[in-house]
Amino acid sequence: MTASTPTVPVVNEVLGSTDMGPCCGPPVPAKTTKRTRTSRKAMGGDVPVIALVGAPNVGKSTLFNAMTGSNVTMGNWPGSTVEISRGTWRHKPKTVSRKRHINQPEGDSQTNTASCEHQPGPMATGQQSVELASAAPTVASSGDAPTRALARELPMTASDPYQEMTIIDFPGAYSLDSTSPDEEFTRRHLVEQSPAPSLIIAVVDAAHLARSLYLVSEVREHPLRVVVAVSMSDVGSRHGVDVDIDALSEALEVPVVRVDPRRRTGLDDLAHTVRDTLALEVPSPRARMDGIEYDEDERFAWIAKVVGKGTKNDGSARQQLSDRVDRIVLAKVAGPLIFIAVMWAVFQITTTVASPLQDLLGELFAGPVSSGVAWLLSAAGLGDTWVEGLLVHGLIGGVGMLLTFVPLMALMFILLALLEDSGYLARAAVLTDRIMGALGLPGRAFLPLVVGFGCNVPAIAATRVLSQPRHRLMTVLLIPFTACSARLTVFVMLGTVFFGRWAGTAVFVMYLVSILLVVATGLVLRSTLWRAMPSEPLVIDLPPYQVPTLRLTLSVAWVRLRGFLKTAAGIIVATVVVVWILQAIPTGAGTFGHADTDTSLYAWLARHVAPIFAPAGFGAWQIVSALFVGFVAKEAIISSWGQTFAVSGTEDITGLGQQLTAVFNASSNGHALAAVAAFMVFLLAYTPCVATLAAQKREVGWRWTGVGVLIQLGVAIIMAIVVFQVARVFW
Amino acid sequence: MNGPLSQVADAFAHNKRSVPEIVRATGLNRDVVQACVEHLVSTGRLHLEALSSGCPLGACGSCAAGSSCGHAAARPRTAHVRAA
């Protein structure tokens, strides 16, 4: 096998001249050039100019580099910002019959060639005919079979004028429709200006054949020599797409060569096919009988036919498996039920599997860590001082309590990442969108709402994708009802403490309540501000299901867990310090740092507000104070309870649970579970964290942010009271 | 002529919500449907957006999931299209 030789003498002086022979268009000023002298003759009239075209990302430039080597000239085309590359494709002399190359693969089963015997036809215009004739080779110009056979038999010798060709790498263009400067440039130089290139190599992506063929369909409508190079066959194979080179050539009515520029295979076949095609007359273009230009629909009809003929396996088998699964998981009734079951499983696994680890960490912080720090402080003479109070009861009690949730959150993030990586969460988006559509809400609004289940702050920023100001406003008002991961942390904690083996179910129910709140509030707003707003069509391109990758899953989970830890290390620590100071200030007897929490400023302030929540069953200062802390960050609710009850001498999760149960029991007259359920609903709906409010203010201003807070507080208190009053009947 | 592009556009009009649904409705090759969608996008008749189900970088405030969106590109992508 003879390899193409990528020794490319590219030539400043020639590129700088106007004597380009058959080259199309003006010269290219060199930007990065390896100055290698070559004869002007080498780039003169005898050297064919090959245009390398194709859609973006089909491997065109990789092929260009493989053909020409590293010595190429790059630069903006004069008078434009379009960058092109130019090089010389030099092929070693070859003395073997071309028939062998055409009919036999080069050993690489993925590398083969098919030629098509298309008939020469009349030129589009007289001028074009003259120009192309000058660019075309003088051998085998008749196009009849014996001549073509002769051309194939011709040895490639040093005197062969086509062993060296000028290659121009055109910018990636999806079509000749002039919708971008690159496409405009390609159109102008391929089909509008004279002289046209001697031949066009159209690179198509085997994995996305139909997309690549639109440009080919347009090029085929002009009197141009075309060779199609099929790249990315390996990617296509992975996608289950198998291109039949012979059949594709027959369907396209142009020679087709399989190439793999990264492995440098197929270049020989390409070189010989190009040479053979250059030896033929310019083929007649694909044209309608009535002479009218094809419209885009007709082009796609042709593409559909070509794809049907040219692919042995179109990847539908792999996709069909995904489609079959989708028919079930996206079914109108079964789909939402499956989604509910999946999310329930996520929360149930999270709370049951991680629970022992959480207990272990809780005992660690409450025992050895607290004791160790207290011992160290005593040794340093700081025992029983406010410093010990801040460090042991404040930071370790508060932040430590939050850190016991790390295994739990890690597991939840891993499970969600698995769902995401497998492609299932994308299906969940379809289900959500369907619900939105069914309610007449704008489909696009679900985008930021989905983000809101991760974090409300970026979700509010994401409302900028909505074009209508009223859509943006309404979505901004709905986002705080989505159960962000910070709220989920508190739900998990309360679920673990109060609902035991039903903890996962309890968290899951809150997740559902969150969705229902969004929908219900959306419906109310739709009947007011969203009236007469047209819904927008939405198409979701779902990727096939895939086996989740361990690396990506762990990586995504870690990034989220790191965010959780950063929050714990930043704003939570600051909140803990403020809470500790408030708890350290006595309102009666005692001194700073030695006050009874029950008589501290913290408790005194909370007691003034607590009665408001008595109808909801949680009118105790220990509970209500946490809601204020939760305004800073929802996770801080846990740390504040950790502090409150650590001061009371309870420093692990079990002890905290007992204290909380006692408090909820007392505030609800023995209906602790009903009060907890009401508290969770209130937590879900009430004022979002301060960062979310800041984001809301930025997007919709103080007025609407205030309206939003009032709506949320109103909905939260009403729902909490209803839940408690109903649930106390059963619990 | 009611070619593939018209069929895909009609499917949008009939509220088909995903490429598989359009494939089923039109009987077209999936690759052709995707090419038609991209053509409609490239000619400005549809807008295509990547859907991220996580959080964008750097805007999280107090949220635990704050900086999780750096991996959006590595995740399965959901495309969002609306009529221009």
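Residues numbered from 1 in each chain as written. Chains lettered and ligands numbered in written order. Predicted model: local features only at pLDDT ≥ 70, side-chain atom pairs only at ≥ 80, totals over all residues.

A.B. asks: Residues and numbers for the overall build of chain B, please.
C.D. replies: Along the backbone of chain B there are three helices and two strands. Secondary structure elements of chain B, listed N to C terminal, follow the sequence α-α-α-β-β. Taking all 84 residues of chain B together, the buried fraction comes to 58%. (Helix = DSSP H or I, 4+ residues; strand = E, 2+ residues; numbered from the N terminus. Buried ≥ 20, exposed ≤ 12 C-beta atoms within 10 Å, placed from the backbone.)

A.B. asks: Explain the overall build of chain A residue by residue, including any values.
C.D. replies: Within chain A one finds 30 helices and 11 strands. Within chain A, the fraction of its 731 residues that count as buried is 52%. Long-range contacts, defined as pairs at least 24 residues apart, comprise 77% of the intrachain contacts of chain A with a sequence gap of at least 6. (Contact = placed C-beta atoms within 7 Å.)

A.B. asks: Give me the lowdown on the confidence of the model for chain B, citing residues and values where you can.
C.D. replies: Reading fine detail from the predicted coordinates is not recommended where pLDDT is low. Residue and element names in this part refer to chain B. Of all residues in chain B, 51% attain a pLDDT of 70 or more, and the chain-wide mean is 64. Put simply, strand β2 (residues 78-83) is where chain B has its lowest mean pLDDT, 46, and helix α1 (residues 4-13) is where it has its highest, 86. Here residues 51-84 scores under 50 on pLDDT; set against residues more than four positions off or in separate chains, the count is 131 contacts. At the level of chain-chain contacts, confidence expressed as ipTM amounts to 0.74, with global pTM at 0.54. (pLDDT = per-residue confidence, 0-100.)

A.B. asks: Outline the packing of helix α14 (residues 355-379) of chain A against helix α15 (residues 386-403) of chain A, listing residues and values.
C.D. replies: Residue and element names in this part refer to chain A. In contact at an axis separation of 10 Å, α14 and α15 are set at 160° when each is read in the N-to-C sense. As judged from the angle between their axes, α14 and α15 are roughly antiparallel. Two packed elements cross with a definite hand, and for α14 against α15 that hand is right-handed. Together, L361, F365, V369, S370, V373, A374 and L377 of α14 and V387, E388, L391, V392, I396, G400 and L403 of α15 make up the contact between the two elements. (Axes fitted to C-alpha atoms, helices over the stretch in contact; angles between N-to-C directions. Parallel < 35°, antiparallel > 145°, perpendicular 65-115°, else oblique. Left-handed = near helix turned anticlockwise from the far one by under 90°.)

A.B. asks: Kindly report on α14 of chain A, identifying the contributing residues and their values.
C.D. replies: Residues and elements named next belong to chain A. Under the 1.5 Å per step criterion, the end-to-end length of α14 is 35 Å for 25 residues, consistent within 8% with the ideal 36 Å. The sharpest bend along α14 measures roughly 35° and falls at L364, with the proline P368 sitting one to four residues further on. Looking at α14, one finds that the buried residues are Q358, L361, G362, F365, A366 and S370. (Expected span 1.5 Å × (residues − 1). Bend = angle between axes of the 7 residues up to and from the residue.)

A.B. asks: I'd like to hear about α1 of chain B, residue by residue, with values.
C.D. replies: Taken as a whole, α1 of chain B has its buried residues at P4, L5, Q7, V8, A11 and F12 of chain B. Buried residues of α1 of chain B, viewed axially, fall in a sector of 165°; they line one side. (Arc of directions from axis to C-beta.)

A.B. asks: Requested: an account of the pairing of strand β6 (residues 199-205) of chain A, with residues and values cited.
C.D. replies: Residue and element names in this part refer to chain A. The element β6 is extensively covered by neighbouring structure, given that seven of its seven residues are classed as buried. Burial of the side chains of β6 extends over both faces: L199, I201, V203 and D205 are buried on one face and I200, A202 and V204 on the other. Both strand β1 (residues 49-54) and β6 contribute to a ladder of five bridges, which runs parallel. If you follow G54 over to β6, its bridge partner there is V203. Alignment of β6 against strand β7 (residues 226-231), held across six bridges, turns out to be parallel. Bridge pairing links I201 to V227 in β7. Remark: the β6/helix α7 (residues 209-219)/β7 crossover connection has right-handed handedness. (Pairing = 2+ DSSP bridges. Right-handed = clockwise from strand over helix to strand, strands pointing away.)

A.B. asks: Explain the pairing of strand β5 (residues 164-169) of chain A residue by residue, including any values.
C.D. replies: Residues and elements named next belong to chain A. With five of its six residues buried, β5 lies for the most part within the structure. Across four bridges, β1 lies against β5 in parallel orientation. Counterpart to A51 in the pairing with β5 is I168.

A.B. asks: Explain the environment of M412 of chain A residue by residue, including any values.
C.D. replies: Residues and elements named next belong to chain A. Within the secondary structure, M412 is located in helix α16 (residues 406-422). Residue classification places M412 among the buried residues on the basis of 25 C-beta atoms within 10 Å. It is 7.1 Å that separates the C-alpha atoms of M412 and F347, two residues lying 65 residues apart in sequence. Beyond its immediate sequence surroundings of up to four residues, M412 is in contact with V346 and T350.

A.B. asks: Could you give an account of the nonpolar core, naming the residues involved and the relevant values?
C.D. replies: One broad trend across soluble globular proteins is that nonpolar side chains are buried collectively. Core analysis: the biggest nonpolar cluster contains 124 residues, and V507, A678, M680, V681 and F682 of chain A have the highest contact counts within it. Broken down by element, this core gets its largest block of residues, 13 residues, from helix α29 (residues 672-685) of chain A. Ignoring any residue separated from it by four or fewer positions in sequence, one finds A678 of chain A in contact with A616, G617, F618, A720, V723 and F724 of chain A. Formed by 85 residues, the second largest nonpolar core is a distinct cluster that contains I168 and A196 of chain A together with V23 and C36 of chain B. (Core = buried A, V, L, I, M, F, W, Y, C linked by C-beta atoms within 7 Å.)

A.B. asks: Help me get a handle on the environment of V191 of chain A, residues and values and all.
C.D. replies: By the element assignment, V191 of chain A lies in helix α6 (residues 181-192). In this structure V191 of chain A touches L176 and H222 of chain A, once residues within four positions along its chain are discounted.

A.B. asks: How would you explain the packing of helix α20 (residues 469-478) of chain A against helix α22 (residues 503-526) of chain A if you had to name every residue and give the values?
C.D. replies: Residue and element names in this part refer to chain A. Running from amino to carboxyl end, α20 crosses α22 at an angle of 145°, the nearest separation of the two axes being 10 Å. You can see that α20 and α22 cross each other, and the crossing is right-handed. Side by side, α20 and α22 meet where M474, L477 and L478 of the first sit next to V518, T521, G522 and L525 of the second. Looking at side-chain class alone, the contact of α20 with α22 contains five nonpolar, two polar and no charged residues. (Nonpolar A, V, L, I, M, F, W, Y, C, P; charged D, E, K, R; others polar.)

A.B. asks: Tell me about the environment of V624 of chain A, and please be specific about residues and values.
C.D. replies: Residues and elements named next belong to chain A. Mapped onto the elements, V624 comes out in helix α26 (residues 621-632). Counting along the chain gives 13 residues from V624 to I637, while the straight-line C-alpha distance between them is 9.9 Å. The contacts of V624, once residues within four sequence positions are left out, are A606, V609, A610, F613 and G619.

A.B. asks: Run through the confidence of the model for chain A, naming residues and quoting values.
C.D. replies: Residues and elements named next belong to chain A. Averaged over all residues, the pLDDT of chain A is 74; the fraction at 70 or higher stands at 74%. Taken element by element, the predicted model of chain A shows its lowest mean pLDDT in helix α1 (residues 12-15) (28) and its highest in strand β9 (residues 256-258) (95). When the criterion is pLDDT under 50, residues 95-111 qualifies, and its contacts beyond four places in sequence or with other chains add up to 31 contacts. Here residues 117-159 is a poorly scored stretch, pLDDT under 50, and it has 77 contacts once near neighbours within four places are set aside; other chains count.

A.B. asks: Can you tell me about unusual backbone geometry, naming the residues and giving the values?
C.D. replies: All names here are of chain A. Positive phi outside glycine occurs at R264, with the angle close to 55°. Its location among the elements puts R264 in the loop between β9 and α10 (267-278). The exposure class of R264 is partly exposed, given the 17 C-beta atoms found within 10 Å. Located in the positive-phi region is N669, a residue other than glycine, with phi close to 55°. Structurally, N669 can be placed in the loop between α28 (653-667) and α29. Note on N669: 11 C-beta atoms within 10 Å, which makes it exposed.

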